[in-house]
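# Observations on the model geometry
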There are 2 protein chains.
Amino acid sequence: MSNPAPEGYDPHAYAPFAVTVDLAVFTVRDARLHVLLVERGQEPFRGRWALPGGFLLPRESAGDAARRELAEETGLGPGTVGALHLEQLRTYTDPDRDPRMRVVSVAYAALLPDLPEPRGGGDAASARWWDADAVGPLAFDHDRILADARDRIGAKLEYSCLATAFCPAEFTLGELQQVYETVWGVELDRPNFRRKVLSAPGFVQPVGGPPRRTGGRGKPAALYRAGDATALHPPLLRPPRTDASSSGTEGHDR
Amino acid sequence: MSNPAPEGYDPHAYAPFAVTVDLAVFTVRDARLHVLLVERGQEPFRGRWALPGGFLLPRESAGDAARRELAEETGLGPGTVGALHLEQLRTYTDPDRDPRMRVVSVAYAALLPDLPEPRGGGDAASARWWDADAVGPLAFDHDRILADARDRIGAKLEYSCLATAFCPAEFTLGELQQVYETVWGVELDRPNFRRKVLSAPGFVQPVGGPPRRTGGRGKPAALYRAGDATALHPPLLRPPRTDASSSGTEGHDR
DNA sequence: TTCTTTATAGTCACTCTGACTATAAAGGCT
DNA sequence: AGCCTTTATAGTCAGAGTGACTATAAAGAA
């Protein structure tokens, strides 16, 4: 290494950084992508909405910190939080991203089925779900993080079984298709979607017997649960964009 | 945030972290994947080989630090380093990953064409290329970082135009195919590879006129240079693994 | 009942892919 | 020179996958 720590290994001399995690927590509600945001109670950006997150504790990994913060913000039990999929997105290190001090932030994305409003436990008093297309300017560089998270989630739906994380334990293929359509912002052909999902080994498995979902208007649908595969073969590719809307800014840093 | 900084914003109180970058720099040489390593001159892990890297300067982003370190280790000019593709992999935050102090490290991957041995400038005196399959145990958690980097590079070859970064400015399709075969560890059918590469818009563009490569034994090949596309449509999918050699720990990143 | 809605089954043409064969153009040999 | 080896490039062909589409089934609503 070219900036080796000094002989005495004094952390303060070479450790002028704070480290945080930021969480982009998504759910699909009413056929819209929603993201969990918290209102800031103090400067800077007081009153603005931000991604939930916080500082790493002294002997905590970023993944552990992300799960702890998620449990605090959502009121979910540690068991639930411990089981769900947390994906590290990337790390944001712009020297000016926090006006107070030098902060690098490790961003994570999490996917949840539709849940009741977060029970404000402690500092999560002002946490709520927002339509991901209707969030105003967020605090810090969180607009950028949110955009990167949406890109990543959309891409992962293509070749991973991640979409089931948006669904409850048992779900219909219609609900699964709704997830894809909502995240991608496109409409998919129902018979074709069905054919592809069922032909991908381990993506979903039918729930035993002939159980069917109640409540809807049309013919009841068969129920499935998530299979044991994590990768999707063959992948479920997004239809090529016609023309409009291209957001992604290929891998820069800041 | 749940661990807000204190009123006075004293960096030392909430900033007990050092931040480094680690670089997985790859090249293809003699049909083998090689990685740039440096020998550690001091404890811990004195005498062990490690990924190049170092501490962030006080007002430097991780990407800038990675480019600076790369220039120092390889002896490449800042112009060259500024142009090449640096991809942020992920960030490693295990509290015990560095025995000296709490260090979080942002890992980057870089791809270079085959170059002469690194000219040891300054601390790069002991930098050299290693066959990526023959590296002993590395310092810190660098074995893990290296494995993650190889996974990521292999995955990105499928749907991005990254492979041209391993090639010189002008290259033959045979050389490009060699990159894929080396990184993936498989043999590809030459006519089929050719068909796919040429049918992907913007992947490669023929060099004007009828120039042909000299030196080899067989029929001279046409030269190409990298096109202007960054994504690959349709993707160039890896053949499904027969059975042998499974290193990957499922759930890649893309 | 009839209409609307959703689920599911099936068809068909087109494209892409992998496996393969054939030909061209170079250098190395004897 | 003539032949062999090597590499590049062109083309063929059957099978898998895909998008677009039609048809039928099963529920609630009007």
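So, how was this worked out
Residues numbered from 1 in each chain as written. Chains lettered and ligands numbered in written order. Predicted model: local features only at pLDDT ≥ 70, side-chain atom pairs only at ≥ 80, totals over all residues. Heavy atoms only, no water. Domains from an automatic or database assignment. Contact = heavy atoms within 4.5 Å. Buried area = accessible area lost by both parts, 1.4 Å probe. Helix = DSSP H or I, 4+ residues; strand = E, 2+ residues; numbered from the N terminus. Expected span 1.5 Å × (residues − 1). Buried < 20%, exposed > 50% of the residue type's maximum accessible area, 1.4 Å probe, protein only. Near = heavy atom within 4 Å. Polar contact = N/O pair within 3.5 Å; in protein donor to acceptor, adjacent residues only side chain to side chain. pLDDT = per-residue confidence, 0-100. Phe/Tyr/Trp six-rings, centres within 6.5 Å; stacked < 30°, edge-to-face > 60°. Pairing = 2+ DSSP bridges. Axes fitted to C-alpha atoms, helices over the stretch in contact; angles between N-to-C directions. Parallel < 35°, antiparallel > 145°, perpendicular 65-115°, else oblique. Nonpolar A, V, L, I, M, F, W, Y, C, P; charged D, E, K, R; others polar. Core = buried A, V, L, I, M, F, W, Y, C linked by side-chain atoms within 4.5 Å. Salt bridge = Lys/Arg side-chain N within 4 Å of Asp/Glu carboxyl O.

Per an unreviewed UniProt entry, chain A is named NUDIX hydrolase, and its organism is Streptomyces globisporus.

### Thoughts on the domain arrangement of chain A
All names here are of chain A. Each assigned domain of chain A is listed with its residue range as follows: domain 1 (18–157) and domain 2 (160–226). Each of domain 1 and domain 2 has a C-alpha centre, and the two are 27 Å apart. On the domain 2 side, the residues contacting the 15 residues of domain 1 number 13 residues. Of the roughly 1,300 Å² buried at the junction of domain 1 and domain 2 (both faces included), carbon and sulfur atoms supply 75%.

### Quick look at helix H4 (residues 142–159) of chain A
Residues and elements named next belong to chain A. Over its 18 residues, H4 runs 26 Å from end to end, which matches the ideal 26 Å to within 8%, given 1.5 Å per residue. When we look at burial in H4, the residues that qualify are His142, Ile145, Leu146, Asp148, Ala149, Arg152, Ile153, Gly154, Lys156, Leu157, Glu158 and Tyr159. Its buried side turned inward, H4 meets strand S1 (18–29), strand S2 (32–39), strand S3 (49–50), strand S5 (86–92), strand S6 (103–111) and helix H5 (173–184).

### Concerning the protein's contact with DNA strand C
Around DNA strand C, 18 residues are found, and the nearest of them are Arg190 and Arg194 of chain A together with Asn192, Arg195 and Lys196 of chain B. Looking at DNA strand C alone, sugar and phosphate atoms form 55% of those within 4 Å of the protein. One nitrogen or oxygen atom from the main chain of Lys219 of chain A is found 3.2 Å from a base oxygen belonging to DNA strand C. For the surface near DNA strand C, the elements supplying multiple residues, two or more each, are helix H6 (190–199) of chain A together with helix H6 (190–199) of chain B.

### Examining the protein's contact with DNA strand D
In the vicinity of DNA strand D lie 18 residues, with Arg195 and Lys196 of chain A together with Arg190, Arg194 and Ala222 of chain B positioned nearest. Among all atoms of DNA strand D positioned within 4 Å of the protein, those belonging to sugar or phosphate total 57%. One of the side-chain N or O atoms of Asn192 of chain A is found 2.9 Å from a base nitrogen in DNA strand D. The contact in question runs from a base oxygen of DNA strand D to an N or O atom on the side chain of Arg195 of chain A, over 2.9 Å. Listing elements by their share of the surface near DNA strand D, those giving two or more residues are H6 of chain A together with H6 of chain B.

### Topic: the confidence of the model for chain A
Residue and element names in this part refer to chain A. Per-residue confidence for chain A gives a mean pLDDT of 86, with 85% of residues at or over 70. Across chain A, H6 holds the top mean pLDDT of 98, while helix H1 (residues 11–14) sits lowest at 52. Taken as a whole, residues 1–9 scores under 50 in pLDDT and shows 27 contacts with residues more than four places along the chain or in a different chain.

### Focus on the packing of aromatic side chains
All names here are of chain A. Evaluated as defined, the whole model comprises 8 aromatic pairs over all chains. Relative to Trp184, the ring of Tyr180 has its centre 5.0 Å away and its plane inclined at 75°; by these criteria the two rings are edge-to-face. Pair noted here: Tyr180 and Trp184 are both in helix H5, with a separation of 4 residues, about one helical turn. Overall, the relative accessible area of 0% leaves Tyr180 in the buried class. Among the aromatic residues, those joined into a ring-pair cluster are Tyr180, Trp184 and Phe193.

### A closer look at the pairing of S6 of chain A
All names here are of chain A. Within S6, 9 of the 9 residues are buried, which leaves the element mostly enclosed by the surrounding structure. Burial of the side chains of S6 extends over both faces: Val103, Ser105, Ala107, Ala109 and Leu111 are buried on one face and Val104, Val106, Tyr108 and Ala110 on the other. The pairing of S1 with S6 spans 9 bridges and is parallel. Bridge pairing in S6 places Ala24 opposite Ala109. Bridge analysis of S5 against S6 gives 6 bridges, and the strand direction is antiparallel. Paired with Arg90 across the strands is Ala107, a residue of S6.

### What to know about unusual backbone geometry
In this structure, Pro44 of chain A follows Glu43 of chain A across a cis peptide bond, with omega equal to -5°. With respect to the helices and strands, the residue Pro44 of chain A is situated in the loop between S2 and S3. With an omega dihedral of -5°, the bond running from His233 of chain B to Pro234 of chain B counts as a cis peptide bond. Not every positive phi belongs to a glycine, and Ala31 of chain A is a case in point at roughly 60°. Turning to its location among the elements, Ala31 of chain A is positioned in the loop between S1 and S2. Not every positive phi belongs to a glycine, and Phe140 of chain A is a case in point at roughly 55°. The residue Phe140 of chain A is located in the loop between strand S7 (127–131) and H4 in this model.

### Brief notes about the packing of helix H5 (residues 173–184) of chain B against H6 of chain B
For any two helices packed against each other, one specifies the crossing angle of their axes together with the interaxial distance. All names here are of chain B. H6 packs onto H5 with a crossing angle of 100° between their chain directions and a minimal axis gap of 10 Å. By the criterion of interaxial angle, the relationship of H5 to H6 is roughly perpendicular. Between H5 and H6, the residues in contact are Leu173, Gly174, Leu176, Gln177 and Tyr180 and Arg190, Phe193, Arg194, Val197 and Leu198, respectively. The residue inventory of the contact of H5 with H6, partitioned by class, reads 6 nonpolar, 2 polar and 2 charged.

### Some remarks on the side chain of Thr172 of chain B
Positionally, Thr172 of chain B belongs in the loop between helix H4 (142–159) and H5. With sequence-adjacent residues up to four places away left out, Thr172 of chain B is seen in contact with Arg213, Ala221, Ala222 and Leu223 of chain B.

### Here we look at the nonpolar core
Val25 and Tyr108 of chain A together with Val19, Val25 and Tyr108 of chain B are the most contacted members of the largest nonpolar core, which has 46 residues in total. Not counting residues up to four positions away in its chain, the partners in contact with Tyr108 of chain A are Val21, Asp22, Leu23, Ala24, Ala62, Gly63, Ala66, Leu86, Glu87, Gln88 and Leu89 of chain A. Counting residues in each nonpolar core, the second largest holds 44 residues, with Phe26, Ala107, Trp130 and Leu176 of chain B among its members.

### Section: the pattern of salt bridges
Within the structure shown, the criterion is met by 32 salt bridges over all chains. Here Asp133 of chain A makes a salt bridge to Arg32 of chain A, at a shortest N to O gap of 3.2 Å. You can see Asp133 of chain A sitting in the loop between S7 and H4 and its partner Arg32 of chain A sitting in strand S2, a full 101 residues away along the chain. For Asp22 of chain B, the salt bridge identified is with Arg97 of chain B, shortest N-O distance 3.6 Å. Highlighted residues: Asp22 of chain B in strand S1 (residues 18–29) and Arg97 of chain B in the loop between strand S5 (86–92) and strand S6 (103–111), separated in sequence by 75 residues. Each member of the pair, Asp22 of chain B as well as Arg97 of chain B, carries the same accessibility label: buried.

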